Amino acid sequence: MTSAVQGGLSAELRGFQRVQTLAYACAEAVAAQLRPGVTEREAARMQREWLRARGVRDWFHLPFAWFGDRTAFVNFRIPLQFFPTNRRLEPGMPFILDMAPVYEGCTADIGYSGCLGLNPVHDKLLADLEAHRALILREVRERRPLREIYESVDRLMVRQGYANRHRAYPFGVIAHKVDRVKERRLSPHVFGFGTQSLKGLASDVLHGHRDGWSPLWSPYKFSDHPPQPGLWAVEPHLGFRGTGAKFEEILVVTDSADPEQSAFWLDDDLPHVRRWAEERAAA
Amino acid sequence: MTTVDLLGARERWVRTGGVELCVAELGDASRPTVLLVHGYPDSKEVWSEVAVRLADRFHVVLYDVRGHGRSTAPKPLRGGFTLEKLTDDFLAVADAVSPDAPVHLVGHDWGSVQSWEFVTVERTQGRIASFTSMSGPSLDHFGHWIKKRVTRPTPRRAAQLINQGAKSWYVYMLHTPVLPELAWRGPLGKRWPKLLQRLEKVPADGYPTLSLPSDAAHGAWLYRDNVRPRLRRPRPDAYAHAPVQLVVPSGDIFLSERLYDDLGRWAPQLTRRTLPAKHWAPRTRPDQLTAWITDFVTAHEDGGPAAPASAVAPAPGKHAERFAGRLVLVTGAGSGIGRATAFAFAEAGARVVAVDRDAESAARTAEMSRLVGAPSAWAETVDVSDEQAMEKLAEKVATEYGVVDVLVNNAGIGLSGAFLDTSAEDWKKVLDVNLWGVIHGCRLFGRQMAERRQGGHIVNTASAAAFQPSKALPAYSTSKAAVLMLSECLRAELAGQGIGVSAICPGFVNTNITATTRFAGVSADEEKRRQKRTSRLYGLRNYPPEKVADAVLRAVVRNQAVVPVTPEARGAHLMSRFTPKALRAIARLEPPL
């Protein structure tokens, strides 16, 4: 991975930043259109259409939408339950929009948490995610093994009184690598995942397996290695009694010796980061 | 024989329809009026305990129903007790005591039966602001309930019908001529107070009053004048025009809880409450009733029937009808099972006291409890093994928050290692927290519950290790086995006072007890490694503490004695009874550390 240019991002990273910004713009646009009675399927379709209209042709994964206690993955047993259902949005319900579009060969994977109307529990969860964003960056810069960082995040969640819900994702991952994707005329997907992206991930798994690392950041032994340079879509997901909240954004890890440059968030101008800044300003 | 008194009550007489009603008033007349209606065979004094408690905040009015207490009886008795006439009486009293504002009705037993009539007939529109019903269904709703079950008797419905039919034996007796009057004026009237004390656990405080024989003899006409006609031809339009709070005593031997299954259809603004009590709840649970009545009346005072739903938005959690507004104290509430339990109670609308030796985590639990639905929550920093600190805590809780309704003795620490490696110091520490912590809790808060004489519940967190021996956990298992036996003994002792005791045996639950467990007989580094390793193993098992918390609430609702929670705990519990040898074999296995 190329390291960031001092005082600015390399052209390649700018591409990733552009698609991440686009994805968050989509999330905010769709969230603003959510009304009581909208179903998860409709919300997922709204995201898909919004992004298609702006040139997205391929996906790391198709957009997801979770409403109500599905934001905390209550009673999720099989991965098929992640797919959008006919659950309708009600006033006060939390929701999460999660999408991973590929645009001009760059992948973004974002998660946007919101709620329809007032929900103090959801606000609290969202506010408490800030500590996780700081913790993850700090420990990645310290080059601690990913598995241990995972456990630190877990401990912080327990201290905050929350349940770890990213555990419910495939392999219990808190993050996974994303990369450039070849643009093809056809971009089929299986089980919601783009085949091109899956191919990239599979080849990373293969290479990583030889070199002792994994593109999946999990609580298991195969993640017992220092952060691998590259782009990581990090998605800590808190759950608290039927309410869930997460953010997902790209963490850039480089091989630079300078701690500041060895790891950084691709973009700090994101809805959740702005929200925390506003809360601090208001307090 | 002493009789109960309504201290400081102002009396007045209201003439209506040929009878004179004795009306008593307490409290400031400018406050919202709460009208308490008594049942059968009672007089207005049945409300004495509740009335004095309500009088601080409300204008409390009680009256003797016609033919009861000091009110006069209609002549002739036959046909003098119809619900129409009782409605006349109510309107006369309401107009006399609160001519301008609607009143808040509270009815028990027949007082509730007639109040249902008041609240569902047209001519009382605008006179009733809210209605709290206990142990008395509407005869019309009851009639529809029976009809539905008779016309389409599925096995379940038939069983419900037979069950309630058996509970109503006294109704049939009261329909026989003369005999009930003779019994009440004779031996039954004499023995009734003792019967109430023995069967219903009503305190021997001078209630029932001396007028009981004539109350009961006259009151028989309540049944004879109303039950048959109403059950045969229930009104099709008996919809409540005021918000209703239904209090169901779960131990009522006269009324099945199933009677209220369809009530949502008749009372659109319905708040349900359940109370672990017998039929005479106004005598045995005055504090709880007062709290619920106060909340409900306050919520419906300002806006009247159209009050915003948020004012009384029922807590969302399971068992909210049982725990709303009750005081729950949880020790070890800063993490793991204790914290999840505090949250579960908070979600059910209980007031929560979160006790932990770590101030920060206790405060966090209290804060989050308020967020999920506790009307109030407090954090207390106490080490449960410290006797004096616990005594201070008990005193503070009693004076500032009230008597605890549910106590969860959950605080505990882990200690692993061979018996021969465990030092006396280690033993003392684990017994101090795991056993003495529970003893202090039960002793101090249990005494407060017993002295209040209004029931309660104690939950002690034991462990699957209490019946699963293991060579890896001798000290821990010993302490937990002691907690289990203590709970069983205490359950026997407190059963007579309506206080339940449950022991919860969780099993392998993913909490941070593994990260703080002491491993005796190994170096500090090795201890760290083992803590990490156990935490990972428990993490892989990943049984969430929230499920244990659900089991705790269920145990309190059902008053279960011993509750193994995880499948392995249930398996071990079963094996300890039927194949203890197999458990002993398991005890010899080396844990995979």
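Procedures and definitions
Residues numbered from 1 in each chain as written. Chains lettered and ligands numbered in written order. Predicted model: local features only at pLDDT ≥ 70, side-chain atom pairs only at ≥ 80, totals over all residues. UniProt positions renumbered as here; feature names shortened; annotations may be inferred. Helix = DSSP H or I, 4+ residues; strand = E, 2+ residues; numbered from the N terminus. Core = buried A, V, L, I, M, F, W, Y, C linked by C-beta atoms within 7 Å. Buried ≥ 20, exposed ≤ 12 C-beta atoms within 10 Å, placed from the backbone. Expected span 1.5 Å × (residues − 1). Arc of directions from axis to C-beta. Axes fitted to C-alpha atoms, helices over the stretch in contact; angles between N-to-C directions. Parallel < 35°, antiparallel > 145°, perpendicular 65-115°, else oblique. Left-handed = near helix turned anticlockwise from the far one by under 90°. Contact = placed C-beta atoms within 7 Å. Nonpolar A, V, L, I, M, F, W, Y, C, P; charged D, E, K, R; others polar.

An unreviewed UniProt entry lists chain B under the name SDR family oxidoreductase, from Streptomyces typhae. Recorded in UniProt for chain B, the comment headed Sequence similarities (unreviewed entry) runs: "Belongs to the short-chain dehydrogenases/reductases (SDR) family."

Identification of chain A as M24 family metallopeptidase from Streptomyces typhae is taken from an unreviewed UniProt entry.

Which parts of the structure should I look at to understand the UniProt feature "domain: Peptidase M24" (unreviewed entry) in chain A?
In this structure's numbering, the residues bearing the UniProt feature "domain: Peptidase M24" (unreviewed entry) are residues 16–255 of chain A. Annotated as residues 16–255 of chain A, this span is 36% helix and 24% strand, and its ends, taken at the C-alpha atoms, are 19 Å apart.

Explain the nonpolar core to me, please; I cannot follow it from the model alone.
In summary, soluble globular proteins display a tendency toward joint burial of nonpolar side chains. Core analysis: the biggest nonpolar cluster contains 85 residues, and Leu329(B), Phe345(B), Val352(B), Ala354(B), Ile504(B) and Val552(B) have the highest contact counts within it. The leading source of residues in this core is helix H17 (residues 424–452) of chain B, at eight residues.

Just checking my understanding: could you explain helix H20 (residues 524–541) of chain B for this structure?
For the α-helix, the turn length of 3.6 residues means that residues three or four positions removed from each other point alike. Residues and elements named next belong to chain B. Here H20 spans 26 Å end to end across 18 residues, near enough to the 26 Å set by a 1.5 Å rise per residue. Those residues of H20 that fall on the buried side of the exposure criterion are Gln531, Thr534 and Ser535. Angularly, the buried residues of H20 cover 105° about the axis, an arc narrow enough to put them on a single face. With respect to the buried face of H20, the exposed residues turned more than 90 degrees away are Asp525, Glu526 and Leu540.

Would you mind showing me how to read the packing of H17(B) against helix H18 (residues 474–494) of chain B here?
In a pair of packed helices, the angle between the axes and the distance between the axes together describe the arrangement. All names here are of chain B. The N-to-C vectors of H17 and H18 enclose an angle of 15°; their axes lie 9 Å apart at closest approach. On the basis of their axis angle, the class for H17 and H18 is roughly parallel. Regarding H17 and H18, the two cross each other, and that crossing is right-handed. The segment H17 lies against H18, with Asp426, Trp427, Val430, Leu431, Asn434, Leu435, Val438, Ile439, Cys442, Gly446 and Ala450 engaging Ala475, Tyr476, Ser479, Lys480, Ala482, Val483, Leu486, Leu490 and Leu494. When the residues that make up the contact of H17 with H18 are grouped by side-chain class, the tally is 15 nonpolar, three polar and two charged.

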